[in-house]
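# Descriptive structure summary
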Amino acid sequence: MKIVADYDRCEGHGLCAEQAPAVFDLDDEGDLVHHFEGQELPGDLEAEGQRAVDSCPVAALRTA
């Protein structure tokens, strides 16, 4: 599973980082950091990755 981030849509709520801290983080400016950008998530991170996608209040994340 890949997760695609729409950085223009992201408002920096940080819910994705709370749900999947190994996949997402916010930098010092509050901008999204996607640790697996353009890559498949490791199998053991797929469930938390999906929770992060589901938790985004502005739909800035989607699975591909």
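For the structure given in this document, a descriptive report is provided here.

Cut-off values and rules
- Residues numbered from 1 in each chain as written.
- Predicted model: local features only at pLDDT ≥ 70, side-chain atom pairs only at ≥ 80, totals over all residues.
- Heavy atoms only, no water.
- Helix = DSSP H or I, 4+ residues; strand = E, 2+ residues; numbered from the N terminus.
- Rg over C-alpha atoms; globule rule 2.2 N^0.38 Å.
- Contact = heavy atoms within 4.5 Å.
- 1 Å grid on protein atoms, 1.4 Å probe; cavity = no way out; pocket = protein on both sides within 12 Å on 5 of 7 lines; lining within 4 Å.
- Points joined across faces, edges and corners; volume = space filled by probe spheres on them.
- Nonpolar A, V, L, I, M, F, W, Y, C, P; charged D, E, K, R; others polar.
- Core = buried A, V, L, I, M, F, W, Y, C linked by side-chain atoms within 4.5 Å.
- Buried < 20%, exposed > 50% of the residue type's maximum accessible area, 1.4 Å probe, protein only.

### Quick word on the overall build of the chain
- Of the regular secondary structure elements, the chain holds 2 helices and 4 strands.
- Listing each helix as α and each strand as β along the chain from the N terminus yields β-α-β-β-α-β.
- In summary, the chain has a C-alpha radius of gyration of 10 Å against a globular reference of 11 Å for 64 residues, a match within 12%.
- Projected onto its principal axes, the C-alpha coordinates of the chain cover approximately 30 × 20 × 20 Å.

### Comments concerning the environment of Ala60
- Tracing the backbone through its elements, the reader meets Ala60 in the loop between helix 2 (46-55) and strand 4 (61-63).
- Sequence separation of Ala60 and Glu29 is 31 residues, and the distance between their C-alpha atoms is 18 Å.
- For Ala60, the residues in contact, after removing those within four places along its chain, are Val4, Ala5, Asp6, Arg9 and Cys10.

### Description of empty space enclosed by the protein
- By the definition in use, this model includes 1 cavity of 30 Å³ or more.
- For the largest cavity, the calculated volume is near 90 Å³.
- Forming the walls of the largest cavity are 14 residues, and the residues nearest its centre are Cys10, His13, Gly14, Cys16 and Cys56.
- Of the residues assigned to the lining of the largest cavity, the class counts are 10 nonpolar, 3 polar and 1 charged.

### Considering the nonpolar core
- Counting 17 residues, the largest nonpolar core has Ile3, Cys16, Val23, Phe24, Leu32 and Leu61 as the members making the most contacts within it.
- Counting residues per element, the ones that place at least two in this core are strand 1 (3-5), helix 1 (15-19) and helix 2.
- When residues no more than four places from it in sequence are discounted, the contact partners of Phe24 are Ile3, Cys16, Ala17, Leu32, Val33, His34, His35, Ala52 and Leu61.

### Observations regarding unusual backbone geometry
- Positive phi is not limited to glycine here, since Ala59 has a value of about 55 degrees.
- Residue position: Ala59 is located in the loop between helix 2 and strand 4.

### A few points about the environment of Gly14
- Mapped onto the elements of the fold, Gly14 is located in the loop between strand 1 and helix 1.
- Note on Gly14: relative accessible area 12%, which makes it buried.
- Residues Gly14 and Asp31, 17 residues apart in the sequence, show an inter-C-alpha distance of 9.2 Å.

Remember that the coordinates give geometry; whether it matters functionally is a separate question.
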